[in-house]
Each structure stands twice: as structure tokens, then as C-alpha cells.
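So you can see what is in the structure, the chains are spelled out below.
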Amino acid sequence: MYRFILIGVLSICLFTKCVAQDSGKNIGKESIKKWADSIIGYSIEDYNIPGATFAFVEGDSIIYAQGYGYSNLATQSSMEPYTHNFDMGSIPKSMVAAAVLQLEEEKKLKLTDPISKYIDHQDAKSFRKITIHHLLTHSAGLDDISNINSASLNPEDVLTLKEYVANNQPVQIEEPGTIISYSNIGYALLGRVIEEVSGMNFSDYMQENILNPLEMKNSTFQSRLPAHIKESRATGYEFNGMELEAVPHNFQFNLPAGGLRSTAGDMANFLMFLLNDGSFKENQIVGKEELNKMFAKQFSNHPQLQGLTYSLREEFINGYRALGQNGGWQGFNHDFYLFKEANCAFIICLNGNDGSEISSILANSFVETFIRPKGTETHGQSPILHPEKYVGTYRSNRYSRNSITKLGVLLGVVPEFNITSRNDSLFYFSTPLIYEGKNVFRRYNKDGLLAFLENPDGEITHMVRDYSHYDANEKITWFQKSKNQMLFYVAILVLQIVVILIFAFGKIRFKQHRKSSFDWITQFAPSFLSIIFVAGFINAFFAVGAWNLQYGMSSEIKALLLVPLVLIGLLVLIGFLIFKKRNTVKQKIGKWNAILSFITLFLFLLFLDHWNLIGYNY
């Protein structure tokens, strides 16, 4: 409740629209200071964030930069916007886009070129249809990859970008250019294109051609950190529901997608570069015409929805178009907003895993306070034709389908959205939807559009939302829903327990105290091993911790993944024994229980295969 009161008070009462100040700027320092301090100071406490840094840019000047809270709770070090650096998450994707445009301007590549023109087949395999444009807009149709073995605590162990891509061959799941599917591996491929075209490794190219010209002296893509950057790193924290826990400093392998360390002050220079048509302090780094491609909408899931430019997301705040880039990683969360028409921008960096809403609060308040007062919009409603075709469950496509991390779907980490129908009206969960035509709906009394995508047969395949830029939500069957999949496993578990109980009953009832290899192999062993595998896997997973898997798979989990292979052998053996001994087993209860055991094991293995738990799918 406090959050909503805060937002309302700030948006309605805090400020009036600004006029020219003594500095000659459209927005003065004192106004920005009062506005930013009032929101950020309270918000970091509300969201359990240890500290934040903020920088506001207008034209070619930093109007205001400030630190809030602490960079390290143990030492109680105050945040400094120009010195404390952060792991920037996905923020560097915007810099990768600028570097690619720089290379196109130098006629070293074309955005329409297939990536196979620049990367050998060992890296890109047969992805000949995927272009640089597709990678820049997350529309290449690549499956998301596992984060397992994607980082190290020791910079000496960091893989080269070529090694990383070779170890994480992407799988194409959609036709390029059809739908947005967020892809970190896609930006790794862009990094490889930069390396091949420039003849330099990625971090060196970015240092010489982006960071140095922008005088970003406290920023680096290097894993071996310069001393002054290493000494001034902010510590990341995660709130576990009770207290804030420090996250160890780590080093990402996928540098183009998340390997930048930078400060709010340095990032302000990058924002000035964007605002000033590719120039910084009279140094033209990327030409205006080329850089304008980063400001134009390049791809959208639906023509009427907000979309993506090259790396930047498009947002309409009270009808005003803004561009932004978010970067979240273990213990950190950052965002910048670019208001091109108003010639200003800001970045906020947080050393906490929560608080992604703070940047949105700032952006909405900024537009309503300094650019455009909040107005009232009315929308007509068209009759919904065939509402039943939209009804169903839709799952975000931001998950890996081909690695063990697909389990995130089963655990409810990947969002699923329900569209229901009552009295010829549609509901997004409990929110009524207002139909605006052409498969587009607006949430009743809320901002944001939803749209539905059809295949050539007129069947709905996806639901997309204009306030969720980096994914689409694929329509799934009732059986694919995570809750139903969990119920399916519970049913298998019940059957496994029944098989064991019948086995024990038979031993007691018929006084078969002597060991029968047929009974033990066909009835007891499969169910017992299956239960031990699931219990052991859950225990080993939580003992390691989800985040620690980025440093590699534990030996305990590797050992446990041998069990499904043993179960496959048991399935074959049980089938053989049931067929061979079908006329020699005296007790029918044992024979039928062996058949039930075979069926249960078969279903269990199908379940494991669906969740990529057969084999070593990292």
C-alpha cells in the first residue's frame, strides 16, 4: 500500500511543470534534485535496496548525479555515482548495438547479412537465415540457453567468447523474424561477429571504440579488472525475505550480453552520446543517420504494440514515447530511460535484486511532472467475435527448452497467464479486457494492450503484451500447464508407492521371505530408485543453490543423473522378465504388480525426458 500512496503523491502533488532555469536549460538542477531525491530516497528503503546511484543528463551535460545508501553494508561505504561500479547485467547490449552500427557505417558489415557470412559453421552451425538485424531485435527465433557454467569466481577461468559460443550451440525454435524470443546467446553471436569483422577480441574492440572515446574511465568489459575498478566495486545483495545477503563478485563468460562493469557517471556519457546523435565532446563516434536506427522501431510482436529498436525497448508513457534498457543480474538491477524529444535521459543503478519498479516509477513521474500532465483517455469497445478462441493458458517463451533449466517452468518460475471467458466477455486473470479490433485488447481501467497472434489457419498461437517487450506468450494445452505437470508427477509418485506397498504385502501375505530376483527387479527396484532420484535431486539442488549453478554442475547432481540411465536399462529388463516369466509366476498379484511397475516406470521416464533430466543437458 505504501508504494501506491508514494507513487500517487509524487505524481499528483510533488511538482509543477518546469520552465527554463538560470542555467539556460529546460530543466534545472534543483528541480531534478528535489524530484529524484524524493522518489529514490524512500523507494530503496521500501524495496529493501542497500544503495543506488543516479545520473540525469540533458543535452551534453550531466545535470545531476547522486548516490544513495550504501555500496557495502559491512563497511557502511556511502554510494558515489562516479566511482562505485556495478555488474551491469543487460545494459551493455545497447553498446553492442552501437558498435555494430559503427561497423556498418565503416562498411565492414551489413545488418541484412546472415551471421554465417562472418562466423564459421562451428560457431553458427547452419543458421543461414539469421541476420544481424534478427539478433539485434531478439527475433532470431533462438532458444534461450542454460545459465549453468556461465560464470566463474576466478577471472583466470573465464572462457574466450569463441569458446563460450562453441560450448553453447544455440538451437533454433522459431522462424527468424516472426516473434520476439529474448536471447542472450544472440548477443554472444553479435560479439563474435564484431571479433571476426574487426580482427580484435570483443573486450578490446569495445574499449578502444566505445568506452575510451566516451571517456568511460571507470568501465570495462575485461574480466581481469584494472585496480581502480576492482577496488571500487559495489557489492550486490539479495533479500531472502528476512535479511539482505551479499552476493560474491563473479565474472560472466557472455561479455556482450552481461559483462560490463560501469558507474552511473560513466553511463551518463553513453546517454549523452545517444542524445547528441552519436557525438561526444565534438567527437563523432557513430554517424547521426546510422545511429538513428537505434531510435526507430525495428520489430514488434504486433503492429499495434510497442516494440524494440536495436536493443532498446519502446514505451509510451501517457502518450509520450521513451526508450529504455534494463539490466538485472544476481544482486543488481539497473535501468536507463531516454526521452529523445525532450533531449534528456537518466540512469539508476541498484545493488539489490528487487526494485525494478523504481525506474518505472521515476519514468512515469518524470513524464507527468516535466513533460506532459496526466490526461484522461477514452476508448471505445468493439464486439468480440468468437471469444472462445482466445481462451486458454499462455506461457512466456523466456526459458530454455533444451536444457535442464527447463525445470524452472515446472517450479513456476516461468510466468503462465490465463485468459478466461464469462458472458461473452474476456478476462486477463480477473481483469476485464476491452476489445479494440484486429485481435487487440486493452485492460479495463489499466494501461497496456494485449494482442493475439494467429497462424494461417486462424488458430491463436501467442498472446503478447506491449508492456512486456522481450518475450511472447505461447498458447499451451491443459496438459502442458505447470500445475498439471506437477499433478501428473504426483500421480506417478502415488503409483510408485502403491507398487512398493503391493510388493511388501505379497512378501508378508504369501510368506515369501526368501529373495526372489524377479520380484525385487520388477517391483521394488524401479519405484524405489525413482523416488530416491527425485528426493536426492531436490536435496542436491537446494544444497547447491540455483545461483551457484552458474559456476558449474555439482558432482552430486552429475552422479544422480546416472540414475535415469539405469532406469532405462531396468525398463528393458523388466519388459523382458515379464514376457519370459509370464507363465511361471505363481502369484497373480506379483505378475500384475510387475506390469503396473513397468507402466509406472515408463511414464516416469517420459516425464524425465520432457524436463531434460535424461542425459547431461546443461
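Residues numbered from 1 in each chain as written. Predicted model: local features only at pLDDT ≥ 70, side-chain atom pairs only at ≥ 80, totals over all residues. Heavy atoms only, no water.

Once that is clear, we can look at the overall build of the protein. Assigned secondary structure in the protein consists of 19 helices and 23 strands. Against the compact-globule benchmark of 25 Å for 618 residues, the protein has a radius of gyration of 28 Å, which places it among compact chains. With respect to the principal axes defined by its C-alpha atoms, the protein has extents near 100 × 60 × 50 Å. For the protein, restricting intrachain contacts to residue pairs at least 6 apart in sequence, the fraction spanning at least 24 positions comes to 67%. For the protein, the accessible surface area stands at approximately 27,700 Å², while carbon and sulfur atoms represent 55% of it. Distance from the positive charge centre (56 side chains) to the negative charge centre (58 side chains) of the protein: 12 Å. (Helix = DSSP H or I, 4+ residues; strand = E, 2+ residues; numbered from the N terminus. Rg over C-alpha atoms; globule rule 2.2 N^0.38 Å. Contact = heavy atoms within 4.5 Å. Areas by Shrake-Rupley, 256 points an atom, 1.4 Å probe, with all protein chains shown as cover. Lys, Arg positive; Asp, Glu negative; His and termini not counted. Charge placed at Lys NZ, Arg CZ, Asp CG, Glu CD.)

Now for the packing of helix H16 (residues 517-544) against helix H18 (residues 563-580). When two helices pack together, their arrangement is given by the angle between their axes and by how far apart the axes lie. With their axes 10 Å apart at the nearest point, H16 and H18 run at an angle of 155 degrees to one another. Taken together, the axes of H16 and H18 are roughly antiparallel relative to one another. Judged by the twist between their axes, the crossing of H16 over H18 is left-handed. Across the interface between the two elements, Phe518, Ile521, Thr522, Ala525, Pro526, Leu529, Ser530 and Phe533 of H16 pack against Val563, Pro564, Val566, Leu567, Leu570, Leu573, Ile574, Leu577 and Ile578 of H18. Residue classes in the contact of H16 with H18 are distributed as 15 nonpolar, 2 polar and no charged. (Axes fitted to C-alpha atoms, helices over the stretch in contact; angles between N-to-C directions. Parallel < 35°, antiparallel > 145°, perpendicular 65-115°, else oblique. Left-handed = near helix turned anticlockwise from the far one by under 90°. Nonpolar A, V, L, I, M, F, W, Y, C, P; charged D, E, K, R; others polar.)

Turning our attention to the side chain of asparagine 612. When you line up the elements, asparagine 612 lands in the segment after helix H19 (588-610). Here the side chain of asparagine 612 touches arginine 401 through a polar contact of 3.0 Å, landing on its backbone oxygen. (Polar contact = N/O pair within 3.5 Å; in protein donor to acceptor, adjacent residues only side chain to side chain.)

This brings us to helix H7 (residues 184-198). Because the α-helix completes a turn every 3.6 residues, residues three or four places apart line up on one side. Compared with the 21 Å implied by 1.5 Å per residue over 15 residues, the 21 Å span of H7 between its first and last C-alpha is a close match. Of all 15 residues that make up H7, 13 are buried, and the element is covered over most of its length. Measuring from the backbone nitrogen of glycine 186 back to the side-chain oxygen at the start of H7 gives 2.9 Å, which picks out serine 183 as the cap. One or two residues past the end of H7 sits glycine 199, with phi positive at roughly 75 degrees. (Expected span 1.5 Å × (residues − 1). Buried < 20%, exposed > 50% of the residue type's maximum accessible area, 1.4 Å probe, protein only.)

Enumeration over the complete set of coordinates arrives at 38 aromatic pairs. Look at phenylalanine 366 and phenylalanine 370: their rings are 5.2 Å apart centre to centre, the planes differ by 40 degrees, and that puts the pair in the tilted class. Of the two residues, phenylalanine 366 and phenylalanine 370 are both situated in helix H13 (residues 356-371); the distance of 4 residues between them amounts to about one turn of the helix. The exposure class of phenylalanine 370 is buried, given its relative accessible area of 6%. Ring centres of phenylalanine 524 and phenylalanine 528 lie 5.1 Å apart, and the angle between their planes is 15 degrees; on these two criteria the pair is classed as stacked. Of the two residues, phenylalanine 524 and phenylalanine 528 are both situated in helix H16; the distance of 4 residues between them amounts to about one turn of the helix. When its relative accessible area of 22% is taken as the criterion, phenylalanine 524 is described as partly exposed. (Phe/Tyr/Trp six-rings, centres within 6.5 Å; stacked < 30°, edge-to-face > 60°.)

The next thing to look at is empty space enclosed by the protein. Inspection of every chain in the model, using the stated rule, returns 4 cavities of 30 Å³ or more. In this model, the largest cavity occupies a volume close to 60 Å³. In terms of residue class, the lining of the largest cavity is built from 3 nonpolar, 6 polar and 2 charged. Taken as a whole, the second largest cavity holds about 50 Å³ of empty space. Along its surface, the second largest cavity is lined by Ile180, Asn301, Leu305, Gln306, Gly307, Arg465, Asp466, Ser468 and His469. (1 Å grid on protein atoms, 1.4 Å probe; cavity = no way out; pocket = protein on both sides within 12 Å on 5 of 7 lines; lining within 4 Å. Points joined across faces, edges and corners; volume = space filled by probe spheres on them.)

This paragraph deals with the confidence of the model for the protein. Do not read the predicted coordinates in detail wherever pLDDT is low. Overall, the predicted model of the protein reaches an average pLDDT of 88, with 91% of residues at or above 70. Counting contacts from residues 1-25, a segment whose pLDDT is below 50, to residues more than four positions away or on other chains yields 38 contacts. (pLDDT = per-residue confidence, 0-100.)

Let us look at the pattern of salt bridges. Applying the stated criterion to the full structure yields 21 salt bridges. Arginine 395 serves as the salt-bridge partner of glutamate 416, at 3.0 Å between the closest nitrogen and oxygen. Of this pair, glutamate 416 sits in strand E17 (residues 416-422) while arginine 395 sits in strand E16 (residues 392-396), and the two are 21 residues apart along the sequence. A single burial state applies to glutamate 416 and to arginine 395, both of which are buried. Residues joined in a network through salt bridges with shared partners are Asp87, Arg233 and Arg261. (Salt bridge = Lys/Arg side-chain N within 4 Å of Asp/Glu carboxyl O.)

Okay, the sheet that holds strand E15 (residues 344-350) next. One open sheet holds the 7 strands; their spatial order is E3-E2-E1-E15-E14-E13-E12, and the pairing between them is antiparallel. Each edge of the open sheet is held by one strand with a lone partner, namely strand E3 (77-78) and strand E12 (313-317). One ladder, built from 5 bridges, connects E12 with strand E13 (residues 320-329); its direction is antiparallel. If you follow phenylalanine 316 over to E13, its bridge partner there is arginine 321. (Pairing = 2+ DSSP bridges.)

A few words now on unusual backbone geometry. Notably, lysine 281 is not glycine yet its phi reads approximately 50 degrees, a positive angle. For lysine 281, the position within the fold is in the loop between strand E10 (279-280) and strand E11 (283-284). With phi around 65 degrees, asparagine 439 is a residue other than glycine that occupies positive phi space. Tracing the backbone through its elements, the reader meets asparagine 439 in the loop between strand E19 (431-437) and strand E20 (440-443). Relative accessible area serves as the criterion here: at 12%, asparagine 439 is assigned to the buried category.

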